[in-house]
2 protein chains.
Amino acid sequence: MKFNKKLENIDTYEAGKPIELVVREFGIEPKDIIKLASNENPYGCSINVQHAVTEIVPNMAMYPDDSMMKLKEGLSERFDVAEENLIIGSGSDQVIEFLMHAKADENSKILINSVTFAMYEIYAKHVGAEIIKTASQEHNLDEFYALYKEKNPDIIFLCTPNNPTGDAIDAAAIMEFLAKIDSDTLVVVDGAYMEYAQYKDQSKSVSPKELIEKFDNVIYLGTFSKAYGLGGMRVGYGISDARIIKELYKLRPPFNVTTLSLEAASTALKDEEFVNECIALNFEEMKRYEEFANKQKLDIIESYTNFVTLCFCDNIDSTQLSDELLRRGMIVRNLSGYGMNAIRVTVGTKEQNDRFFELVQELL
Amino acid sequence: MKFNKKLENIDTYEAGKPIELVVREFGIEPKDIIKLASNENPYGCSINVQHAVTEIVPNMAMYPDDSMMKLKEGLSERFDVAEENLIIGSGSDQVIEFLMHAKADENSKILINSVTFAMYEIYAKHVGAEIIKTASQEHNLDEFYALYKEKNPDIIFLCTPNNPTGDAIDAAAIMEFLAKIDSDTLVVVDGAYMEYAQYKDQSKSVSPKELIEKFDNVIYLGTFSKAYGLGGMRVGYGISDARIIKELYKLRPPFNVTTLSLEAASTALKDEEFVNECIALNFEEMKRYEEFANKQKLDIIESYTNFVTLCFCDNIDSTQLSDELLRRGMIVRNLSGYGMNAIRVTVGTKEQNDRFFELVQELL
């Protein structure tokens, strides 16, 4: 059977290895496996969220409220934007998918950072668009601008803080950059880890409200998968000009977020205390990674997220190290696929991090 | 901002009105609202499923097992097919989305029944494909074949039992039809309500295993949203030749099914007793709809599903009737949008159906 030609260029995204596969491949007991590979919230999710979800478990037979009334009200209040400025996806991934299909096709160009969230490129390939990458590892907005002038892309992705490197762009620099971009180019500001950046350094804090008040060609992305501790529930959102949201809505499948996920996210928004506690603990533990890296003479990228990126010199091979860690039940993210001799490690709980330090020390 | 031209032709799918909206619009208390509009299982979902999901609520922070190991094993056993023949979607809707994007584009043609599941047409519009419809209200395979010969479509959709009419095609006729279709045309056999048809009449029972053993250009679709009582959890699946599955997989976003949904569906597969009890009750209650229709001299289409379609003569207007029912807290599906002066009513519990009969009698 013949398929669309663009499928020939698509590789399947390889997610961080789930615990289930490590159990099977290496015969390690689930209790002995530590997963620091997917930047989940190591403190789980709020107990209030757990209670709310448990209460509506008997409603699983009913289709979700497709108007997403409650969650939209919550987000609208949280970000001080109108509901017509909101679209909710099965993860912010799905909002990326919508905007790619709405704005791009095989004649389009997509400008992304050299090292960034893999799904931008994958969804660009779904529509057959050309991908243009910067050369710098950090987002260099001068380079972005030069490529914008030269190549005239249809969509520009800024990921701040960036995944998988953890660095963040100054909010003021983003506003200056946006002011120079024509109104027919869509600029995506992906703030999946923004709650962490905000906490650490206000100058990195991008306000979706300010973005959309000033620009009608920008969309801000957020997620419940990270700080809110709901990675398993697949809820993300886009905040943008109502005209853009209206177009994206045309591509939204009905019932794209489950009944329990809507309840989980709505309740999570009401427990900011839990989120703030987790973020505070995250940065306390992150200090220990910085100390560890210093002691071991490893390069660590300054991180505004819940993960750290450790970069190695030639004497250490990131693939080999992560394989060795895996055999010992420690799952981290090898960044060799991103062209980096580095690993990305979620900042876990104290015990998880202790074990990581112990194992790496053994292996180095 | 300019968007892809094909978006101009897309309308947003209007799902059955959720209870939340009726509460808001008409000020009716949730407890007084009966929703017979979306063919959910009125008996809810299995208590075993509820327990299994409740138990893993604390795991919501962890991304889903993206290999979907447990659910794939369950489906593989249930249908006696290999795991490489399976793809799992966020509802079978999402599998339709994958296959549309894999096989069709703006130069493609999609052949569907005149009245059928709305998402085929909506997803066809997402890729800008041309939609060809039969004239007959029931699936007429001779007409399908004539249109196939004349128009050379890329994808043919057979929905059996058909939504929103409830009638079903003989399985033998489908096999005969498939034997006449060239191997580059993809035929979709959507069995979302197949568990009901199977129970009522074995001659309507399509075996996915037999389909894919005999044909390499067919995909069978199934769902957990109907008989399994998990409409809120968004889990469906496709069963097909491994080469087709491999291509569809390229378009599958990672983590497309939530952690709790995977658990719910895996557990639901192990409680066939619950499903069979619900189906038995469904057809007992359906008899009462048939009697009611006879008494009221209304046309009812013989149904192999968990809903009935009541067709009206000129003296009754389906839009007016469903609006009046809505004001009284009874949500049904008006089929005027499908060009039919008819309503589709989910066969509910005894009490729900009593109320429906009472209200309609009042209004006629």
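Criteria and thresholds
- Residues numbered from 1 in each chain as written.
- Chains lettered and ligands numbered in written order.
- Predicted model: local features only at pLDDT ≥ 70, side-chain atom pairs only at ≥ 80, totals over all residues.
- Heavy atoms only, no water.
- UniProt positions renumbered as here; feature names shortened; annotations may be inferred.
- Pairing = 2+ DSSP bridges.
- Helix = DSSP H or I, 4+ residues; strand = E, 2+ residues; numbered from the N terminus.
- Contact = heavy atoms within 4.5 Å.
- Axes fitted to C-alpha atoms, helices over the stretch in contact; angles between N-to-C directions.
- Buried area = accessible area lost by both parts, 1.4 Å probe.
- Polar contact = N/O pair within 3.5 Å; in protein donor to acceptor, adjacent residues only side chain to side chain.
- Least-squares fit on C-alpha atoms with pLDDT ≥ 70 in both.
- Domains from an automatic or database assignment.
- Salt bridge = Lys/Arg side-chain N within 4 Å of Asp/Glu carboxyl O.
- Core = buried A, V, L, I, M, F, W, Y, C linked by side-chain atoms within 4.5 Å.
- Buried < 20%, exposed > 50% of the residue type's maximum accessible area, 1.4 Å probe, protein only.

In the annotation of an unreviewed UniProt entry, chain A is listed under the name Histidinol-phosphate aminotransferase and assigned to Sulfurimonas paralvinellae. Note on chain A: under the UniProt heading Pathway (unreviewed entry), the record states "Amino-acid biosynthesis; L-histidine biosynthesis; L-histidine from 5-phospho-alpha-D-ribose 1-diphosphate: step 7/9." The UniProt entry for chain A carries the following comment under Subunit (unreviewed entry): "Homodimer."

Caption draft 1: Seen up close, the sheet that holds strand 10 (residues 307-311) of chain B. Residues and elements named next belong to chain B. The strand order across the open sheet built from four strands is 9-10-13-12, with neighbouring strands paired in antiparallel fashion. Two strands close off the open sheet at either side, each with one partner strand: strand 9 (299-300) and strand 12 (333-334). Bridge count between strand 10 and strand 13 (residues 342-346): five bridges; the pairing is antiparallel. Considered in strand 13, the bridge of Val308 is made with Val345. Set on the sheet, helix 13 (residues 318-327) makes contact with strand 12 and strand 13; between it and strand 13 the angle comes to about 40°.

Caption draft 2: Region of interest: the interface of chain A and chain B. Facing 76 residues of chain A, the contacting portion of chain B comprises 75 residues. Summed over both sides, the interface of chain A with chain B buries roughly 6400 Å², with 63% coming from carbon and sulfur. When the buried area of chain A at its contact with chain B is split by residue, Met1, Met60 and Tyr63 of chain A rank highest and sum to 12% of it. Linking chain A to chain B there are 32 residue pairs in polar contact (both at pLDDT 80 or more). Listing elements by their share of the side of chain A that touches chain B, those giving two or more residues are helix 1 (19-26), helix 2 (47-55), helix 3 (69-79), helix 4 (92-103), helix 5 (118-126), helix 10 (242-249) and helix 11 (259-269) of chain A.

Caption draft 3: Summary view of the relation of the copies chain A and chain B. Between chain A and chain B, which share one sequence, the superposing operator has a rotation angle of 180° and an axial displacement of 0.0 Å; the RMSD is 0.0 Å. These values place the two chain copies in the arrangement generated by a two-fold rotation axis. Every residue of chain A has its C-alpha some distance from the rotation axis, and the shortest such distance is that of Thr54 of chain A, at 2.9 Å. When you check the interface residues of chain A against chain B, 99% turn up at the interface there too, and the contact is symmetric in its surfaces.

Caption draft 4: Representation of the sheet that holds strand 10 (residues 307-311) of chain A in the model. All names here are of chain A. In spatial order, the strands read 9-10-13-12; together these four strands make up an open sheet with antiparallel pairing. Both edges of this open sheet fall to strand 9 (299-300) and strand 12 (333-334), since each of them pairs with a single strand only. Sheet analysis places strand 9 next to strand 10, joined by two bridges and oriented antiparallel. The residue bridging Ile300 from the neighbouring strand is Leu310, located in strand 10. Contacts between helix 12 (residues 272-296) and the sheet are confined to strand 9, strand 10 and strand 13 (342-346), with strand 10 contributing the most and set at about 10° to the helix. Contacts from helix 13 (residues 318-327) reach strand 12 and strand 13 within the one sheet, and its direction differs from that of strand 13 by about 40°.

Caption draft 5: Region of the structure containing the domain arrangement of chain A. All names here are of chain A. For chain A, the assigned domains are domain 1 (5-44 + 273-363) and domain 2 (47-271). Spacing between the C-alpha centres of domain 1 and domain 2 amounts to 24 Å. Between domain 1 and domain 2, the residue contacts involve 31 residues of the former and 33 residues of the latter. Of the roughly 2800 Å² buried where domain 1 meets domain 2, counting both sides, 64% is carbon and sulfur surface. Taken together, domain 1 and domain 2 are joined by one salt bridge.

Caption draft 6: Fine view of unusual backbone geometry. Residues and elements named next belong to chain A. Cis geometry marks the peptide bond from Thr160 to Pro161; its omega dihedral reads -5°. Its place among the elements puts Pro161 in the loop between strand 5 (155-159) and helix 7 (171-179). Positive phi is not limited to glycine here, since Asn39 has a value of about 55°. With respect to the element layout, Asn39 can be found in the loop between strand 1 (34-35) and helix 2.

Caption draft 7: A look at the UniProt feature "domain: Aminotransferase class I/classII large" (unreviewed entry) in chain A. Listed under "domain: Aminotransferase class I/classII large" (unreviewed entry) in the UniProt record, and renumbered for this structure, are residues 31-358 of chain A. As annotated, residues 31-358 of chain A comprises 42% helix and 16% strand, and the C-alpha atoms at either end are separated by 18 Å.

Caption draft 8: Just the nonpolar core, in detail. Formed by 172 residues in total, the largest nonpolar core has its most connected members in Phe224 and Phe356 of chain A together with Phe224 and Phe356 of chain B. Phe356 of chain A has contacts with Leu36, Tyr289, Phe292, Leu310, Leu325, Met330, Val332, Ile343 and Val345 of chain A, leaving out every residue within four places of it along the chain. Within the second largest apolar cluster, 33 residues are counted, among which are Ile96, Tyr123, Val127 and Tyr249 of chain B.

Caption draft 9: Spatial organisation of the UniProt feature "modified residue: N6-(pyridoxal phosphate)lysine" (unreviewed entry) in chain A. Mapped onto this structure's residue numbering, the UniProt feature "modified residue: N6-(pyridoxal phosphate)lysine" (unreviewed entry) falls at Lys226 of chain A. By the element assignment, Lys226 of chain A lies in the loop between strand 7 (218-223) and strand 8 (236-240). Here Lys226 of chain A is in contact with Ser38, Asn39, Asn41, Ala192, Tyr193 and Tyr196 of chain A together with Tyr63 of chain B, once residues within four sequence places are set aside. Looking at Lys226 of chain A, its side chain comes within polar contact range of the side chain of Tyr193 of chain A, at 3.4 Å.

Caption draft 10: Quick peek at the pattern of salt bridges. In this structure the tally under the stated criterion is 50 salt bridges over all chains. The salt bridge involving Glu247 of chain A is made with Lys250 of chain A; its shortest N-O contact spans 3.4 Å. In this structure, Glu247 of chain A and Lys250 of chain A share a single accessibility class: buried. Across the pair Arg243 of chain B and Asp241 of chain B runs a salt bridge whose closest N-O atoms are separated by 2.9 Å. Arg243 of chain B sits in the exposed class, given a relative accessible area of 57%. One network of salt bridges, with partners in common, ties together Glu285, Arg288, Lys350 and Asp354 of chain A.

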